[in-house]
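Results of the structural survey
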Amino acid sequence: MSDLAAYNFAYLDEQTKRMIRRAILKAIAIPGYQVPFASREMPMPYGWGTGGVQVTAAIIGPADVLKVIDQGADDTTNAVSIRAFFAKVANVAVTTHTDEATIIQTRHRIPEKVLKEGQVLVYQVPIPEPLRYLEPRETETRTMHALSEYGLMHVKLYEDIAINGHIATTYAYPVKVAGRYVMDPSPIPKFDNPKMHMSEALQLFGAGREKRIYAVPPFTEVVSLDFEDHPFEVQTFDKPCALCGAENVYLDEVILDDRGGRMFVCSDTDHCEERRACGCVGELGVKEAAE
Amino acid sequence: MTDTPLFKVSGVSKFYGARTGCRDVSFELFPGEVLAIVGESGSGKTTLLNCISTRLAPTAGTVEYRTRDENWRDLYRMSEAERRMLMRTDWGFVHQNPADGLRMTVSAGANAGERLMAIGQRHYGNIRTTASEWLERVEIGIDRIDDQPRAFSGGMRQRLQIARNLITSPRLVFMDEPTGGLDVSVQARLLDLIRSLVNDLGLAVIIVTHDLAVARLLSHRMMVMKDGRVIESGLTDRVLDDPREPYTQLLVSSILQV
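The rules behind each value
Residues numbered from 1 in each chain as written. Chains lettered and ligands numbered in written order. Predicted model: local features only at pLDDT ≥ 70, side-chain atom pairs only at ≥ 80, totals over all residues. Heavy atoms only, no water. Helix = DSSP H or I, 4+ residues; strand = E, 2+ residues; numbered from the N terminus. Rg over C-alpha atoms; globule rule 2.2 N^0.38 Å. Buried < 20%, exposed > 50% of the residue type's maximum accessible area, 1.4 Å probe, protein only. Contact = heavy atoms within 4.5 Å. Lys, Arg positive; Asp, Glu negative; His and termini not counted. Charge placed at Lys NZ, Arg CZ, Asp CG, Glu CD. Domains from an automatic or database assignment. Buried area = accessible area lost by both parts, 1.4 Å probe. Core = buried A, V, L, I, M, F, W, Y, C linked by side-chain atoms within 4.5 Å. Axes fitted to C-alpha atoms, helices over the stretch in contact; angles between N-to-C directions. Parallel < 35°, antiparallel > 145°, perpendicular 65-115°, else oblique. Left-handed = near helix turned anticlockwise from the far one by under 90°. Nonpolar A, V, L, I, M, F, W, Y, C, P; charged D, E, K, R; others polar. Phe/Tyr/Trp six-rings, centres within 6.5 Å; stacked < 30°, edge-to-face > 60°. Lys NZ or Arg CZ within 6 Å of the ring centre and 35° of its normal.

1. A few points about the overall build of chain A
- Helices and strands together make up the secondary structure of chain A, namely eight helices and twelve strands.
- For chain A, whose C-alpha radius of gyration is 20 Å, the value lies close to the compact-globule estimate of 19 Å for 291 residues.
- Along the longest, intermediate and shortest principal axes, the C-alpha atoms of chain A span 60 × 60 × 35 Å.
- A burial count over chain A gives 53% of its 291 residues as buried.
- For chain A, long-range pairs separated by at least 24 residues make up 62% of all intrachain contacts whose partners lie at least 6 apart in sequence.
- Of note, chain A has its 30 positive side-chain charges centred 6 Å away from the centre of its 41 negative side-chain charges.

Next up, the structure:
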């Protein structure tokens with residue numbers, strides 16, 4: 001640690017962390033409301049999780065155990081480097097196991113394992129404003145949030161049905177939090193939306209470039225928007241995970257060769273590894289073991 | 001028409017610094033009545049329209065509206081939430097340029113249905129049915145319901161804008177040069193359509209135009225504006241056939257004869 005003495009604990013200085021914590025507290029007090037905060041430059045480009053990193057830096061303590069996932073995986077560039085970053089600047093324990101972690105920073109997924117009380121899920125958010133593509137004026141979207149004028153959100157869903165015959169939004173699917181604010185759950189697949197509802201864990205959202213923090217406190221109602229005659233539905237998969245045989249999980253498509261071979265495997269790598277360690281095998285997992 | 005006005009404007013003035021937008025305008029509008037505001041460019045027509053439709057706060061004067069529950073409300077003393085609610089339910093606003101009043105990147109059906117969703121309708125089938133009925137009413141083919149207004153001609157866009165405004169059965173509609181920029185045959189069809197809708201629905205309309213022919217065709221009453229003041233007002237036929245003010249006489253005699 002001696003050669004890192006120039007860094008404050010968790011990279012940000014204490015005043016900045018205080019400012020971010022204030023924003024987080026306000027966000028928790030008003031579920032789903034986007035709190036502006038003075039986002040800092042981080043040693044990574046916008047779009048790589050600068051918002052999530054700042055939120056994590058503000059809440060992390062020496063006793064915390066950090067897990068970082070990117071599209072469900074613990075071993076992709078973004079996940080590995082953010083994990084290494086906090087191991088270096090905060091000297092905290094890191095893990096890939098969902099149930100061991102106290103803070104989980106995530107991009108695009110919620111872990112398959114149900115989160116417990118005391119855990120914090122930190123989302124990296126590119127565009128916090130759910131109304132953005134329909135209403136470009138920030139002044140107008142703020143007024144719409146303030147007055148709960150959310151008809152426009154349904155215009156988007158109407159368009160989906162008119163063009164595709166069903167609600168074709170598959171990620172960043174808008175939700176209503178605690179019956180009041182409409183919120184962009186960050187680009188998680190809509191498969192994960194039901195996991196946000198009444199979750200025991202605290203969920204924090206950080207958008208670095210857009211300078212917004214918002215939150216879903218534990219045990220908060222999170223409802224995905226829909227039409228009476230076109231109710232909200234999550235994605236379903238024809239086959240279980242090819243490696244561990246898990247069903248009712250979110251799967252990634254992996255191309256195996258250039259002759260059309262492909263397999264579908266768990267997007268949550270920790271979940272998949274844990275199942276395989278317990279002896280669960282999927283269709284292609286058996287073959288590998290046999291070879 | 002009833003004896004109770006729907007809309008009362010008294011002493012409305014708007015100054016832009018030392019310049020005058022409009023000065024001391026007062027009038028009443030009754031249910032089902034069409035009022036035309038005419039005048040040359042720069043005479044304050046649009047400023048007045050914006051002032052009375054909550055889009056621009058006047059410097060002085062009051063604008064009152066009789067709501068459905070028979071209360072007189074001063075528009076600029078209402079909360080923003082109430083005002084916006086009024087704008088998207090009981091009122092309509094037809095812009096000169098349809099792109100200002102439409103969402104150009106969503107389909108005609110969604111444009112027409114937006115107000116229904118804004119007031120809480122959550123049944124896709126019902127919204128679509130109502131939207132298609134209205135498109136039919138404004139003579140837009142049902143096969144165009146999923147097309148974006150970008151693919152529409154100017155006249156179709158204007159008709160779509162009208163459908164979008166009328167879908168919640170408003171009682172009062174503001175129109176700012178609704179026929180501007182359209183060629184004469186399209187203009188004629190649009191005027192015909194507006195006239196029949198106004199009659200069928202019993203709408204009160206305030207229409208701003210520089211085209212006296214439009215005023216003649218649509219309005220019951222008209223106000224002539226010059227330099228921000230109303231210089232003459234009365235029944236449309238009276239004003240156009242027997243103009244009293246020299247300026248109105250000039251205006252009427254400036255109409256090109258074919």
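2. So, the domain arrangement of chain B
Residue and element names in this part refer to chain B.
- Parsing chain B into structural domains produces domain 1 (1-90 + 173-258) and domain 2 (102-169).
- On a C-alpha basis, the centroid separation for the pair domain 1 and domain 2 is 25 Å.
- The partner domain 2 presents 15 residues to the 17 residues of domain 1 that form the contact.
- Buried surface at the junction of domain 1 and domain 2, both sides included, amounts to about 1300 Å², of which 64% is carbon and sulfur.
- Interface area lost by domain 1 to domain 2 is led by Arg 88, Leu 193 and Leu 197, which between them contribute 35%.

3. Observations concerning the nonpolar core
- Membership of the largest hydrophobic core comes to 66 residues, with the highest contact counts inside it found for A:Tyr158, A:Phe227, B:Ile207 and B:Met222.
- Broken down by element, the residue count for this core peaks at seven residues, all from helix H5 (residues 151-164) of chain A.
- A:Ala10, A:Leu12, A:Phe37 and A:Val122 belong to the second largest nonpolar core, which has 31 residues in total.

4. Brief notes about the packing of H5(A) against helix H4 (residues 108-118) of chain B
- Direction vectors running N to C along H5(A) and H4(B) enclose 140 degrees, while the axes themselves pass 8 Å from each other. As summarised for this structure, H5(A) and H4(B) are arranged oblique, according to the angle between their axes. Here H5(A) and H4(B) pass one another in a crossing that is right-handed. For the pair formed by H5(A) and H4(B), the contact residues are A:Gly151, A:Leu152, A:His154, A:Val155, A:Tyr158 and A:Glu159 on the first element and B:Gly109, B:Ala110, B:Glu114, B:Met117 and B:Ala118 on the second.
- Class assignment of the residues belonging to the contact of H5(A) with H4(B) gives a composition of six nonpolar, three polar and two charged.

5. With respect to the packing of aromatic side chains
- What the rule picks out here adds up to 17 aromatic pairs over all chains.
- Note on A:Tyr123 and A:Phe205: the rings are 4.1 Å apart at their centroids and 10 degrees apart in plane angle, and the pair reads as stacked. Of the two residues, A:Tyr123 sits in strand S5 (residues 120-124) while A:Phe205 sits in strand S8 (residues 202-207), which places them 82 residues apart along the sequence.
- Measuring from centroid to centroid gives 4.8 Å for A:Tyr173 and A:Phe232, while their planes differ by 65 degrees, and the two rings are edge-to-face. Residue A:Tyr173 is found in the loop between H5 and strand S6 (175-177), and its partner A:Phe232 is found in the loop between strand S10 (222-224) and strand S11 (251-255); the two are separated by 59 residues along the sequence.
- By relative accessible area, which is 21% here, A:Phe232 ends up partly exposed.
- Counting every residue linked through ring pairs, the aromatic cluster contains B:Phe7, B:Tyr65, B:Trp91, B:Phe93 and B:Phe174.
- If you follow B:Lys8 out to its NZ or CZ, it ends over the ring of B:Trp72, 4.4 Å from the centre.
- Across the ring face of B:Tyr247, the terminal group of B:Lys226 is positioned such that the distance to the ring centre comes to 5.3 Å.

6. Remarks on unusual backbone geometry
- With phi around 60 degrees, A:Lys211 is a residue other than glycine that occupies positive phi space.
- Within the fold, A:Lys211 resides in the loop between S8 and strand S9 (212-216).

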